[in-house]
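Secondary and tertiary structure notes
Here's the letter readout for the chains.
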Amino acid sequence: MNKRNYQKEMEEVLKGLQVDQKGRPKLLLHSCCGPCSSYVMKVLTDFFDLSLFYYNPNIHPQAEYEKRLATQRELCEKMPFTGKLTFLSAPYDPERFFAQTKGLEEEREGGSRCEVCFRLRLEETAKEAQKQGADFFTTTLSVSPYKNAPLLNAIGEEMAKKYQVNYLVADFKKKEGYKQSVQLAKAYDLYRQDYCGCIYSLRQREEEKAAQEAKKDPFL
Ligand code: SF4
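Given the structure is predicted, the values throughout are model-derived calculations rather than measurements. (Residues numbered from 1 in each chain as written. Predicted model: local features only at pLDDT ≥ 70, side-chain atom pairs only at ≥ 80, totals over all residues.)

1. Focus: the overall build of the protein chain
Going by this rule: Helix and strand assignments follow DSSP, with helices taken as H or I runs no shorter than four residues and strands as E runs no shorter than two, numbered in order from the N terminus. In this setup the radius of gyration rests on C-alpha atoms only. A globule is expected at 2.2 Å times the number of residues raised to 0.38. Think of it as a crowd count around each C-beta: if 20 or more other C-beta atoms lie within 10 Å the residue is buried, if 12 or fewer it is exposed, and in between it is partly exposed, with C-beta placed from the backbone throughout. Here the contact rule is simple: place C-beta atoms from the backbone, and any two residues whose C-beta atoms are within 7 Å are in contact.
Within the protein chain one finds eight helices and five strands. Written out in order from the N terminus, the α and β elements of the protein chain read α-β-α-β-α-β-α-α-β-α-β-α-α. By the compact-globule yardstick of 17 Å for 220 residues, the protein chain fits well, its C-alpha radius of gyration being 18 Å. When the backbone C-alpha atoms are referred to their principal axes, the protein chain occupies close to 65 × 40 × 35 Å. The buried share among the 220 residues of the protein chain stands at 38%. Here the analysis covers contacts within the protein chain between residues at least 6 apart in sequence; of these, 74% occur between residues at least 24 apart.

2. Some details on the site of the ligand
Which entries qualify depends on this criterion: By definition, a residue lies near a molecule or strand when the C-beta atom built from its backbone is within 6 Å of it. Any residue outside Ala, Val, Leu, Ile, Met, Phe, Trp, Tyr, Cys, Pro, Asp, Glu, Lys and Arg is labelled polar, Gly included; the first ten of those are nonpolar and the last four are charged.
Surrounding the ligand, one finds N58, E109, R113, C114, C117, C196, G197, C198, Y200 and S201. Of all the secondary structure elements, the ones that give two or more residues to the shell around the ligand are α5 (112–132) and α8 (199–216). The greatest single-element share of the shell around the ligand, amounting to three residues, is contributed by α5. Its residues placed into classes, the shell around the ligand shows five nonpolar, three polar and two charged.

3. A short note on the pairing of strand β2 (residues 49–54)
Side chains on a regular strand alternate between the two faces of the sheet. Let me state the cut-off plainly: Strand pairing is assigned whenever DSSP detects at least two bridges linking the two strands. Whether a crossover is right-handed depends on one test, that the path from the first strand over the helix to the second runs clockwise when the strands point away from the viewer.
Along β2, five of the six residues are buried, which leaves the element largely enclosed by surrounding structure. Two strands pair when backbone bridges link them, and strand β1 (residues 26–30) and β2 are joined in this way by five bridges, in the parallel orientation. Opposite L28, over in β2, you have S51 as the bridge partner. For the handedness criterion, the β-α-β arrangement of β1, helix α2 (residues 34–44) and β2 is classed as right-handed. Where β2 and strand β3 (residues 85–89) come together, five bridges link them in parallel fashion. Counterpart to L52 in the pairing with β3 is F87. Handedness of the β2-helix α3 (residues 62–78)-β3 crossover: right-handed.

4. Observations regarding the environment of R4
Along the polypeptide, R4 turns up in the segment before α1 (6–15). Separated by 203 residues in sequence, R4 and E207 have C-alpha atoms that sit 35 Å apart.

5. Considerations on the packing of α5 against helix α6 (residues 149–163)
Which entries qualify depends on this criterion: Interaxial angle, 0 to 180 degrees, is taken between N-to-C directions of lines fitted to C-alpha atoms, where a helix line uses only the stretch in contact. With the far helix as reference, a near helix turned anticlockwise by less than a right angle produces a left-handed crossing, and one turned clockwise produces a right-handed crossing.
For the pair α5 and α6, the least separation of the axes is 9 Å and the interaxial angle reads 35°. The interaxial crossing formed by α5 with α6 has right-handed handedness. On α6, the residues that touch E115, F118, R119, L122, E123, A126, K127, A129 and Q130 of α5 are L151, L152, I155, G156, M159, A160, K162 and Y163. Taken together, the residues of the contact of α5 with α6 sort by class into ten nonpolar, two polar and five charged.

6. A short note on α2
Here α2 lies mainly inside the structure; nine of its eleven residues are buried. Of all the residues in α2, the buried ones are G34, P35, C36, S37, S38, Y39, V40, M41 and L44. For α2, the secondary structure elements touched by its buried residues are β1, β2, α3 and α7 (177–187).

7. Focus: the environment of A214
Looking at the element boundaries, A214 is found in helix α8. Separated by 144 residues in the primary sequence, A214 and A70 place their C-alpha atoms 34 Å from one another.

Dropping the structure here:
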């Protein structure tokens with residue numbers, strides 16, 4: 001089976017879009033956080049009017065959720081956009097994430113809990129895209145080197161069929177996308193978290209940090 005080149009597929013779609021004086025198509029962009037969305041919005045603003053959707057019930061604790069949300073707003077105010085930008089955040093709903101990931105608490109980052117987490121966020125984005133009458137939807141998640149782009153795109157395409165909205169396939173980590181998102185976050189002086197988001201990824205990061213510390217100090 002041929003391996004798909006999502007970056008190339010996205011470029012083909014972008015090339016075929018009608019962007020003129022009368023306007024541009026509307027894309028609902030699921031955003032996981034400000035830093036990841038910086039690069040993605042920079043790429044997409046020349047082609048779409050963007051509607052940014054912050055829906056992340058996975059993030060723990062609530063104070064962290066609020067901090068990432070505030071950072072997202074800060075970026076939207078600081079960054080220049082060619083097209084229109086609107087912003088929508090969903091109410092914090094961690095119970096939904098906990099209910100759907102029950103039994104997957106011990107999975108490591110990148111395992112089967114993440115598939116459930118991607119599905120939850122992409123399904124809500126597709127629903128919202130349908131409600132808004134958007135022409136496309138997609139997510140910033142593939143900018144991270146830790147996120148599985150083929151899986152994200154497979155779920156996105158499944159949701160596109162279910163909700164009858166085009167899904168923009170992407171692998172935003174290509175063309176140094178991740179590196180550029182780090183640089184942009186620095187340039188806009190944004191807060192950058194050091195764990196993916198859920199309580200389990202927070203625990204994993206704390207364990208990794210403790211293991212690193214223990215290596216440095218043999219008496220710890
Ligand atoms: S590690 Fe990240 S992607 Fe995986 S379940 Fe937790 S928040 Fe979601």
